[in-house]
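Survey of secondary and tertiary structure
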Amino acid sequence: MSGNEVTFKPGEILADDYPVYGDYFYFADDRLIRSYIFGDVSDLKRDLKNQGLVFENIYAARYGG
């Protein structure tokens, strides 16, 4: 891995009322996603389902290492 690469790993499961922000990264199960939603996790879940993405949980994205 070069010094310029950033890796992420799933953090804690986020509750439906947890705030989310556009241009932030989250995990939908094991898939890294970039949010375009400013709202909460329930808004993000609804947007992802509208895009046809199947998942069970939304996780915080943490820097891996």
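Residues numbered from 1 in each chain as written. Predicted model: local features only at pLDDT ≥ 70, side-chain atom pairs only at ≥ 80, totals over all residues. Heavy atoms only, no water.

**Side note on a nonpolar patch on the surface**
Keep this limit in mind: Patch construction takes residues with relative accessible area above 30% that form no salt bridge. Like charges are linked within 9 Å, and nonpolar side chains (Val, Leu, Ile, Met, Phe, Trp, Tyr) are linked within 5 Å. Areas reported here follow the Shrake-Rupley algorithm with a probe of radius 1.4 Å; residue values treat only the protein chains shown as occluding. Salt bridge criterion: a side-chain nitrogen from Lys or Arg within 4 Å of a carboxyl oxygen from Asp or Glu. Only DSSP runs of H or I with at least four residues qualify as helices, and only runs of E with at least two residues qualify as strands; both kinds are numbered from the N terminus onward.
On the surface, a nonpolar cluster with roughly 390 Å² of combined accessible area is contributed by Tyr 21, Tyr 24 and Phe 38. Along the chain, Phe 38 turns up in the loop between β4 (31-34) and β5 (39-40).

**Digging into the sheet that holds strand β1 (residues 8-13)**
The line we're drawing: At least two DSSP bridges between two strands are required for those strands to pair. Note on method: axes are straight lines fitted to C-alpha atoms, helices fitted across the in-contact stretch only, with angles between N-to-C directions ranging 0 to 180 degrees. Any two residues whose heavy atoms approach within 4.5 Å at even a single point are treated as in contact.
Spatially, the 4 strands line up as an open sheet ordered β1-β6-β3-β4, and their pairing is antiparallel. Since the sheet does not close on itself, it has two edges, and those belong to β1 and β4, each with one partner. Going from strand to strand, the sheet's axes swing by 45° on average, the running direction of each strand aside. Helix-sheet contacts for helix α1 (residues 41-50) involve β3 (25-28), β4 and β6 (58-63), and the interaxial angle to β6 is about 100°.

**What about the nonpolar core?**
The condition that has to hold: Working definition of a nonpolar core: buried Ala, Val, Leu, Ile, Met, Phe, Trp, Tyr and Cys residues. They are joined through side-chain atoms within 4.5 Å. The buried label goes to any residue with under 20% of its type's maximum accessible area, the exposed label to any with over 50%, and the partly exposed label to all in between, with areas taken from a 1.4 Å probe on protein chains only.
One finds Tyr 26, Ala 28, Ile 33, Leu 44, Leu 48 and Ile 58 to be the most contacted residues of the largest nonpolar core, which totals 13 residues. At the level of elements, β3, α1 and β6 are the ones that each hand at least two residues to this core. Top contributing element to this core by residue count: α1, with 3 residues. Once you skip the residues sitting within four places of it in the chain, Leu 48 turns out to touch Ala 28, Ile 33, Leu 53, Phe 55 and Ile 58.

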